[in-house]
Amino acid sequence: MAKKFIPRDVSWLSFNGRVLQEAADETVPLPLRIKFLGIFSNNLDEFSVYVLQV
């Protein structure tokens, strides 16, 4: 059974993509880039748990 993404899911993934873009931006200081990677990782973990529960 294929799951379809709802607008909230797409918004969540879009936000996480923007966070990852900030982490990849070499003009951002390294400590902030590392922080963005942590946020990205945490969000992805939460999204995975959410998708598995639904």
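The preceding data block contains the structure.
Residues numbered from 1 in each chain as written. Predicted model: local features only at pLDDT ≥ 70, side-chain atom pairs only at ≥ 80, totals over all residues. Heavy atoms only, no water.

**Side note on the overall build of the protein**
Counting its secondary structure elements, the protein contains 2 helices and 0 strands. A buried classification covers 15% of the 54 residues belonging to the protein. Considering only contacts in the protein between residues 6 or more positions apart, those separated by 24 or more positions represent 48%. (Helix = DSSP H or I, 4+ residues; strand = E, 2+ residues; numbered from the N terminus. Buried < 20%, exposed > 50% of the residue type's maximum accessible area, 1.4 Å probe, protein only. Contact = heavy atoms within 4.5 Å.)

**With respect to helix H2 (residues 30–53)**
Along its 24 residues, H2 runs 35 Å from first to last C-alpha, staying within 8% of the 34 Å computed at 1.5 Å per residue. Every buried residue of H2 is accounted for by Asn43, Phe47 and Tyr50. Where the residues of H2 are buried, they touch helix H1 (7–24). (Expected span 1.5 Å × (residues − 1).)

**Quick word on the environment of Leu32**
Within the element layout of this structure, Leu32 appears in helix H2. When the C-alpha atoms of Leu32 and Glu22 are compared, they prove to be 8.7 Å apart, with 10 residues separating the residues in sequence.

**Description of the environment of Ile39**
Relative to the helices and strands, Ile39 resides in helix H2. Ile39 sits 19 residues away from Leu20 along the chain, and the two C-alpha atoms are 8.7 Å apart. Leaving out residues up to four positions away in the same chain, Ile39 has contacts with Asn16 and Val19.

**Brief notes about H1**
With 18 residues, H1 should cover 26 Å at 1.5 Å per step; its first-to-last C-alpha distance of 26 Å lies within 8% of that length. Tucked into the core, H1 has its buried residues touching H2.

**Quick look at the side chain of Asn16**
Note on placement: Asn16 falls in helix H1. If we skip the residues at most four places from it in the chain, Asn16 touches Ile39, Phe40, Asn43 and Leu44.

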